[in-house]
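Fold and geometry: a report
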Amino acid sequence: IRLKPEGDGSAGVLLAREMTVGADTPVPFSSMTFYLVNLELREKASFSFDGCDIVVSPVDNYSEAVFILKLLASIDHTAIMTVRSREDMLAGLGSSYVEALASDLCTLFSFARGCKVSWLYWEAKDEGDIVTKAYHRNVKITAYSHFNLIPANPHEDFVDFIREAYPVLRKKKSGGLWNFKKICDMYTEALVEDLYIDTRALALVTLLNYLMGCFAQRHGLELYIEKSQFQRLAKLVRKCLRGELAQLEGSARPEIVDGMVGKLNELNRRSFKEVLNRLALDLGVLIEEQDFNEVVRIRNSIVHDARFLDQEKLWNEFSLTLSFVEKLILGILEYEGFYYDWRLHKMGDLSGPDMAARCKLLLSRTAK
């Protein structure tokens, strides 16, 4: 809230960045309107989820707002999302329920646009369109990025993606299968364009490691054999290894012996490449073996050496890794439809992805 002093016409003093305006007791409302930032949306989109009708519309000054948004890679209010209940149950559902619905939709909007889309505040309105309660919050938002994942044109691609992915997100979120908010935050952080491409690549492979780690933990793929069984074997191997090292000249120093013995536990860990391949197969994501092996090599180089494989081919390596990570995200959402494959985009064109980069993703029919 800003207090505007009389006379000098200045903006005033910032008193609060997060606040609720309204009665402490529950008040009736028939709709909730969310004010969104960073959503590129050229025309109205309508959805029906969880007993609610949702309409997302561009703001009145949309063209000007998006022009500045893209020009400065900044943050701006670009869209309004209105949620109404089809059965007059919105007030019964409660504002927290509708907030969660809006936040889940913003997560999908963020995936689609390649930058963090979020709501800054909402207003609850009665049947006469009078605001009965409002909530303003402080939230971290990354700047706009040109790396759209789902095409903005044609508009139907975006609508189809939301309609197909939302039920999957809700199902997997409620089952605790994937932390979509964390995945979204890591994904959008990797696409911030004012960072060096090496820094973005590191964020991207960190997300790749996270996805693989979640999958491995859930499916018991971290180790080859049960830990207690391996420890019994490792005890025998350590004894044998120490004895053999004692026989080798120059290898009996305690730091050498302890260092080699200390690495035995790694023998029981599945390799990054093996688990990543299992993840892709489980999601039904198809990738050429040559490209898969190249992604693994790029990841290893970035993680261990903090550099790309070939400094002359930064964009090629980044876009290949980005394409693979995005296919995994779409596979998690069980989405089959049109998306942008940034490997096909001409480097240097900042107006957006080439239409030649618009591809259709098909998941393997054998995927679970």
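Everything here concerns the structure above.
Below or above, wherever it landed, is the structure these notes cover. (Residues numbered from 1 in each chain as written. Predicted model: local features only at pLDDT ≥ 70, side-chain atom pairs only at ≥ 80, totals over all residues. Heavy atoms only, no water.)

Observations concerning the pairing of strand E8 (residues 118–125)
- For E8, a buried count of six out of eight residues is recorded, marking the element as mostly surrounded by other parts of the structure.
- Pairing geometry for strand E4 (residues 31–37) and E8, over seven bridges, is antiparallel. By the bridge assignment, Ser31 is partnered in E8 with Lys125.
- The pairing of E8 with strand E9 (residues 131–136) spans five bridges and is classified as antiparallel. Counterpart to Tyr121 in the pairing with E9 is His136.
- Here E8 hands over to E9 after five residues, with Asp129 in that stretch at a positive phi of 65°. (Buried < 20%, exposed > 50% of the residue type's maximum accessible area, 1.4 Å probe, protein only. Helix = DSSP H or I, 4+ residues; strand = E, 2+ residues; numbered from the N terminus. Pairing = 2+ DSSP bridges.)

Here's the deal with the environment of Leu105
- Mapped onto the elements, Leu105 comes out in helix H3 (residues 95–113).
- For the pair Leu105 and Leu169, spaced 64 residues apart in sequence, the C-alpha separation works out to 9.4 Å.
- Once residues lying within four places of it in the same chain are set aside, the contact partners of Leu105 are Phe49, Ile54, Met81, Ile162 and Tyr166. (Contact = heavy atoms within 4.5 Å.)

A few points about the packing of helix H10 (residues 289–305) against helix H11 (residues 314–332)
- Two numbers describe how H10 lies on H11: the axes approach to 10 Å, and their chain directions differ by 110°. When the axes of H10 and H11 are compared, the pair comes out roughly perpendicular. Of the two possible hands of crossing, H10 and H11 adopt the one that is left-handed. Along the contact surface, H10 presents Asp291, Phe292, Glu294, Val295 and Ile298, while H11 presents Glu317, Leu320, Thr321 and Phe324.
- Looking at the contact of H10 with H11 residue by residue, the classes come out as five nonpolar, one polar and three charged. (Axes fitted to C-alpha atoms, helices over the stretch in contact; angles between N-to-C directions. Parallel < 35°, antiparallel > 145°, perpendicular 65-115°, else oblique. Left-handed = near helix turned anticlockwise from the far one by under 90°. Nonpolar A, V, L, I, M, F, W, Y, C, P; charged D, E, K, R; others polar.)

Let's talk about unusual backbone geometry
- Across the junction of Asn153 and Pro154, the peptide omega takes the value 5°, indicating a cis bond.
- With respect to the helices and strands, the residue Pro154 is situated in the loop between E9 and helix H4 (155–174).
- Notably, Asp50 is not glycine yet its phi reads approximately 50°, a positive angle.
- Structurally, Asp50 can be placed in the loop between strand E5 (45–49) and strand E6 (52–58).
- Look at Asp129: it is not a glycine, yet its phi comes out positive at around 65°.
- Relative to the helices and strands, Asp129 resides in the loop between E8 and E9.

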